[in-house]
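Structural description and commentary
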Amino acid sequence: MRLELLGQGVGDIKDVVGPLEKLARLNPETSEYGILLAQAKERTGDREGAAQAYRSILASKPGDVKALQGLVNLLLGAAAPGSCDRTVARYAEGCSGAESSKTGKC
């Protein structure tokens, strides 16, 4: 919610990047913090930082659909469709059927 308000011009998005980095680092099991961090970095123009935030989530949770979707959208926005194909394929390979049935992800 706060990120949405910042996106509408209420405050500065750069002000939330530091706190989100800390939340994502201290709570790696909660991917929402990393996703918010990636979104904030993207909105501030730090596309590489945003991609790294998404990749960090996907390194520990390859089946995290929201992180994968965010990374693919970021790459599509950067006009890198070949990267999208490779990214989806790489994380899809890491998500086995057994994991998918247990977690409901992938």
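Scroll up to find the structure this text is about.
Residues numbered from 1 in each chain as written. Predicted model: local features only at pLDDT ≥ 70, side-chain atom pairs only at ≥ 80, totals over all residues. Heavy atoms only, no water.

**Re the packing of helix α3 (residues 31-43) against helix α4 (residues 47-60)**
Defined as follows: Angles shown run from 0 to 180 degrees and are taken between the N-to-C directions of axes, each axis being a line fitted to C-alpha atoms and, for helices, limited to the stretch in contact. A run of DSSP states H or I qualifies as a helix once it reaches four residues; a run of E qualifies as a strand once it reaches two. Both are numbered from the N-terminal end. The scheme is simple: roughly parallel for angles under 35 degrees, roughly antiparallel for over 145, roughly perpendicular for 65 to 115, oblique for anything else. Left-handed is the label given to a crossing in which the near helix is rotated counterclockwise from the far helix by less than a right angle, and right-handed is the label when the rotation is clockwise. The criterion used for residue contact is that any of the two residues' heavy atoms lie within 4.5 Å. Just so you know the grouping, Ala, Val, Leu, Ile, Met, Phe, Trp, Tyr, Cys and Pro go in nonpolar, Asp, Glu, Lys and Arg go in charged, and all remaining residues, Gly too, go in polar.
Across the interface, α3 lies against α4 with an axial gap of 7 Å and an inter-helix angle of 165 degrees. In terms of their interaxial angle, α3 and α4 are classed as roughly antiparallel. Helix-helix and strand crossings are classified by hand; for α3 and α4 the assignment is left-handed. Across the interface between the two elements, Ser-31, Gly-34, Ile-35, Leu-37, Ala-38, Gln-39, Lys-41 and Glu-42 from α3 touch Arg-47, Gly-49, Ala-50, Ala-53, Tyr-54 and Ile-57 from α4. Partitioned by chemical class, the residues of the contact of α3 with α4 number 7 nonpolar, 4 polar and 3 charged.

**Digging into the pattern of salt bridges**
Put simply, the test is: Any Lys or Arg side-chain nitrogen located within 4 Å of an Asp or Glu carboxyl oxygen qualifies as a salt bridge. Three exposure classes are used, based on accessible area relative to the maximum for each residue type with a 1.4 Å probe and protein chains only: buried under 20%, partly exposed in between, and exposed over 50%.
If you walk through the whole model with that rule in mind, you get 3 salt bridges. In this structure, Glu-21 and Lys-41 form a salt bridge, with 3.0 Å as the shortest nitrogen-oxygen distance. Of this pair, Glu-21 sits in helix α2 (residues 14-26) while Lys-41 sits in helix α3; the two residues are 20 residues apart in sequence, bridging distant segments of the chain. A relative accessible area of 32% places Glu-21 in the partly exposed class. Given the relative accessible area of 13%, Lys-41 is considered buried. Residues Arg-55 and Glu-48 are paired through a salt bridge, measuring 3.9 Å at the closest nitrogen-oxygen approach.

Take it as geometry only, folks, not as evidence of what the structure does.
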